[in-house]
Amino acid sequence: MIKLKHFAYLISLMIILVSCKNDTKENQTENDNKIENSNIVTNKSSKKKEIVAIDNGDNLIFPRLIFNEDTKLFASALSSSSLTKVFSEPEKQYVVFAPSNDAFKELSNEKMSALFSDRELLAKKMKAHIIEDKLDYSELSNKINANGGVYSLKSISGSKLKASLNGSEIIIKDNNGNEAKVIGNKSITTENGVIFIIDKVLTVN
């Protein structure tokens, strides 16, 4: 009789243990589902927050700089220094010597940090790349030839640039004597000016 009671007790204990394990598993599964659903919601909400710039086809200087893979850093520099408003004047035309992304990457980390942390300095440097005029690659080449091999330009910062030719390649020299080459021997014409992509960041005193 005692053996039967003992056996019954063991059976009851086993049933309780199994029941507890099942409850634990169910709770764990429930919690896992909650976490998974929470992650799905979080992922969905974070996806909603992503803002992607869309090229609407405007053939203007700043949109062309933003959506050109080679000039994104220059576009960012213009935006950071509040210079995008320069191109909003409807009657004016501009020549922009836009340093490529690689040109910016040639600068040391210290110079890049100093440049982008000082808005006034950044604006001054970026203005040295902008001329109030409209000359495409062919027209600038002709100006150089018509002026004895060197054509002087004045940036909106007041600094002087000199354009010359090396064969068919246009070279831009800043007022510190640093030279930048126009990449691809071509320019990009827009409704409010012309973009030349260059291989160096120009300097200014």
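Keep in mind that what you see is a predicted model, and the values were worked out from it rather than measured.

Focus: the packing of aromatic side chains
Part 1 of the reasoning: A complete count under the given rule lists four aromatic pairs for this structure.
Part 2 of the reasoning: Geometrically, the ring pair formed by F87 and Y94 is edge-to-face, given 5.6 Å between the ring centres and 85 degrees between the ring planes. For the pair shown, F87 and Y94 are each scored as buried.
Part 3 of the reasoning: Ring centres 5.3 Å apart and planes at 40 degrees place the aromatic pair F97 and F196 in the tilted group. Of this pair, F97 sits in strand β1 (residues 94–99) while F196 sits in strand β8 (residues 193–198), placing them 99 residues apart in sequence. Judged on exposure class, the residue F97 and its partner F196 are both buried.
Part 4 of the reasoning: Each member of the aromatic cluster is reached from another via a ring pair, and the members are F97, Y137 and F196.

Things to note about the pairing of strand β3 (residues 150–154)
Part 1 of the reasoning: A one-sided burial pattern is seen for β3, the buried positions being Y151 and L153 and the unburied ones V150, S152 and K154.
Part 2 of the reasoning: Strand direction decides the pairing type here: β3 and strand β4 (residues 160–166), joined by five bridges, are antiparallel. Within the sheet, the bridge partner assigned to Y151 lies in β4 and is A163.
Part 3 of the reasoning: Count of turn residues in the β3/β4 antiparallel hairpin: five residues, of which G158 carries a positive phi of about 95 degrees.

Overview of the environment of S164
Part 1 of the reasoning: By the element assignment, S164 lies in strand β4.
Part 2 of the reasoning: S164 sits in the partly exposed class, given a relative accessible area of 21%.
Part 3 of the reasoning: Measuring from C-alpha to C-alpha, the distance between S164 and K143 comes to 9.4 Å, with 21 residues separating the pair along the chain.
Part 4 of the reasoning: The contacts of S164, once residues within four sequence positions are left out, are I144, G149, E169, I170 and I171.

A short note on the layout of surface pockets
Part 1 of the reasoning: Computed from the structure, the largest pocket encloses a volume of approximately 340 Å³.
Part 2 of the reasoning: Lining the largest pocket are 15 residues; nearest its centre among them are L107, K111, K125, V201 and T203.
Part 3 of the reasoning: For the lining of the largest pocket, the secondary structure elements donating two or more residues are α5 (109–117) and α6 (119–127).
Part 4 of the reasoning: A total of three residues in the lining of the largest pocket trace back to one element, the largest contributor, which is α5.
Part 5 of the reasoning: Classifying every residue of the lining of the largest pocket gives seven nonpolar, three polar and five charged.

Basis of the calculations
- Residues numbered from 1 in each chain as written.
- Predicted model: local features only at pLDDT ≥ 70, side-chain atom pairs only at ≥ 80, totals over all residues.
- Heavy atoms only, no water.
- Phe/Tyr/Trp six-rings, centres within 6.5 Å; stacked < 30°, edge-to-face > 60°.
- Buried < 20%, exposed > 50% of the residue type's maximum accessible area, 1.4 Å probe, protein only.
- Helix = DSSP H or I, 4+ residues; strand = E, 2+ residues; numbered from the N terminus.
- Pairing = 2+ DSSP bridges.
- Contact = heavy atoms within 4.5 Å.
- 1 Å grid on protein atoms, 1.4 Å probe; cavity = no way out; pocket = protein on both sides within 12 Å on 5 of 7 lines; lining within 4 Å.
- Points joined across faces, edges and corners; volume = space filled by probe spheres on them.
- Nonpolar A, V, L, I, M, F, W, Y, C, P; charged D, E, K, R; others polar.

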